[in-house]
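Structural overview
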Amino acid sequence: MVIGIELTLACNLRCRHCASSAGNPRERELDLQEMLDLCDQFPPLLVQEVDFTGGEPLMRSDWPRIAERLNRYGIPFRMVTNGLLLEENISALSDLGIATVGVSIDGLEETHDRIREKPGLFRKIISGIEAALDAGIPVAAITAVNHLNVNELPSLQNFLRDLGIKHWQVQPTFALGRAKTGSLNLSESTFLEIGKFVHAGITSCSDKCIGMVPADGVGYYTELDTRDPSWKGCAAGRASCGITSNGDVKGCLSMPDHLVEGNLRDHDLWSIWFAEDSFAYNRKFTPDDLGEFCKGCEFGEECLGGCAVMSHSSTGEFHNDPYCFHRILNRT
């Protein structure tokens, strides 16, 4: 089981593609003792990894105390950050033995700063990455792809490799939050470009290549799919879940805030996880649940209709992901 914890929704940026519309903290965010109590609930659930996200997780000054509690239980933790505060937290991240720091890099300098609407940000985060790598901290890059940066992927790949990045997650931009009302909506042609790029990067990789990881929203079931074994359906509520900074439990932190299974101030995580009707969209799936884009597909029962977040953000329904290599390529 993998847990994502949104430490805070507060953020020091206002990125154009932010699915969470992060900026201000949520009302009544969990205090330190509540976060520590949450960590105490993880061992009985056999939690194997915790991922800190935000907002910007490094804006929560007591994050090291939460990481210390995870260390007590031998649970590795990772973090996704925009990188703005990375350099000043190098010592704490190193001392606490973070498994990986994932830093968002959404293009080369001009494009990255344009998407994240902060001039000079790119150079700041590259300085932080270099400091982290020098300290022996594993760093991964995360890129949300849209029409503004898809053509820069080859150049960005070379840049990240030369920087010393070993792993790079490439994901499509979700039509959620600020991206829903902006101009970054994903086209089918851009989605296919992502697939072709990731496929080429993985299949032609040598020992000196950067390790490329396609996010859950990149697929499925064609020669472009690089997963081995193949996609077996969304893990939300089956092997993972997300916890927002105010204690709401969701299948995935990328899901809209109304899709919650309960709140930790009302019930403990064990009770929410094992409740009969929790995460019913995945746990009680049948082929009859497949939407118009997936109904009748020979892979539907195995695939569950693709990435739950991509499906819901694109169509308002689960099990109806229109961004599917198999559907697009077979239709055309």
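Preceding block: the structure.
Read on for an overview of the structure. (Residues numbered from 1 in each chain as written. Predicted model: local features only at pLDDT ≥ 70, side-chain atom pairs only at ≥ 80, totals over all residues. Heavy atoms only, no water.)

Quick look at the environment of cysteine 324
- Residue position: cysteine 324 is located in the loop between helix 12 (308-315) and helix 13 (325-331).
- In sequence terms cysteine 324 and threonine 222 are 102 residues apart; their C-alpha atoms lie 9.3 Å from each other.
- Setting aside residues no more than four positions away along its own chain, cysteine 324 makes contact with Phe191, Gly219 and Tyr220. (Helix = DSSP H or I, 4+ residues; strand = E, 2+ residues; numbered from the N terminus. Contact = heavy atoms within 4.5 Å.)

Some points on the pattern of salt bridges
- Tallied over the entire structure, the rule returns 14 salt bridges.
- The salt bridge partner of arginine 123 is glutamate 109, with a shortest N-O separation of 2.8 Å. Placement of arginine 123 in helix 5 (residues 121-134) and of glutamate 109 in helix 4 (residues 109-116) is noted, with a sequence separation of 14 residues between them.
- With relative accessibility at 59%, the residue arginine 123 sits in the exposed group.
- By relative accessible area, glutamate 109 is classed as partly exposed at 30%. (Salt bridge = Lys/Arg side-chain N within 4 Å of Asp/Glu carboxyl O. Buried < 20%, exposed > 50% of the residue type's maximum accessible area, 1.4 Å probe, protein only.)

Things to note about the pairing of strand 1 (residues 2-6)
- With respect to burial, strand 1 is a largely interior element, 4 of its 5 residues being buried.
- In this sheet, strand 8 (residues 240-243) lies alongside strand 1 in parallel orientation, the contact comprising 4 bridges. Bridging across to strand 8, isoleucine 5 finds its partner in isoleucine 243. (Pairing = 2+ DSSP bridges.)

What about the packing of helix 4 against helix 5?
- Running from N to C, helix 4 and helix 5 point in directions that differ by 105 degrees, and their axes come no closer than 8 Å. The pairing of helix 4 with helix 5 is recorded here as roughly perpendicular in orientation. Packed against helix 4, whose contacting residues are Glu109, His112, Asp113 and Arg116, the element helix 5 presents Leu121, Phe122, Arg123 and Ile125 at the interface.
- A per-class count over the contact of helix 4 with helix 5 returns 3 nonpolar, 1 polar and 4 charged. (Axes fitted to C-alpha atoms, helices over the stretch in contact; angles between N-to-C directions. Parallel < 35°, antiparallel > 145°, perpendicular 65-115°, else oblique. Nonpolar A, V, L, I, M, F, W, Y, C, P; charged D, E, K, R; others polar.)

Examining the sheet that holds strand 8
- Taken in spatial order, the 10 strands line up as 7-6-5-4-3-2-1-8-9-10 in an open sheet, and their pairing is mixed. Looking at strand neighbours, the two that pair on one side only are strand 7 (211-214) and strand 10 (262-263), the edges of this open sheet.
- With 4 bridges connecting them, strand 3 (residues 77-81) and strand 4 (residues 100-104) associate as parallel partners. Among the inter-strand pairings, valine 80 is bridged to a residue of strand 4, identified as glycine 102.
- Strands in contact with helix 8 (residues 188-203) are strand 5 (139-145), strand 6 (167-172) and strand 7; relative to strand 7, the strand with the most contacts, it is inclined by about 145 degrees.

Focus: the packing of aromatic side chains
- Following the criterion strictly, the structure yields 10 aromatic pairs and no others.
- Each ring, one from tryptophan 168 and one from phenylalanine 197, has its centre 5.7 Å from the other, and the planes form 75 degrees; the classification is edge-to-face. You can see tryptophan 168 sitting in strand 6 and its partner phenylalanine 197 sitting in helix 8, a full 29 residues away along the chain. Here tryptophan 168 and phenylalanine 197 have matching classes, each one buried.
- Between tryptophan 273 and phenylalanine 279 the ring centres are 5.3 Å apart and the planes differ by 55 degrees, which places this aromatic pair in the tilted class.
- The exposure class of tryptophan 273 is buried, given its relative accessible area of 9%.
- Under the relative-accessibility criterion, phenylalanine 279 is labelled buried at 0%.
- Among the aromatic residues, those joined into a ring-pair cluster are Phe191, Tyr323 and Phe325.
- The ring of tryptophan 273 has arginine 283 sitting right over it, with the charged end atom 4.6 Å from the ring centre. (Phe/Tyr/Trp six-rings, centres within 6.5 Å; stacked < 30°, edge-to-face > 60°. Lys NZ or Arg CZ within 6 Å of the ring centre and 35° of its normal.)

Quick notes on the nonpolar core
- Judged by nonpolar contacts, the single largest core of 95 residues is most densely connected at Ile3, Phe42, Phe52, Ile105, Trp168 and Leu269.
- Among the elements that line this core, the one with the most residues is helix 5, at 6 residues.
- Not counting the four nearest positions on each side in its chain, isoleucine 105 is found in contact with His112, Phe122, Ile125, Ile126, Ile129, Ala141, Ile142, Thr143, Leu156 and Leu160. (Core = buried A, V, L, I, M, F, W, Y, C linked by side-chain atoms within 4.5 Å.)

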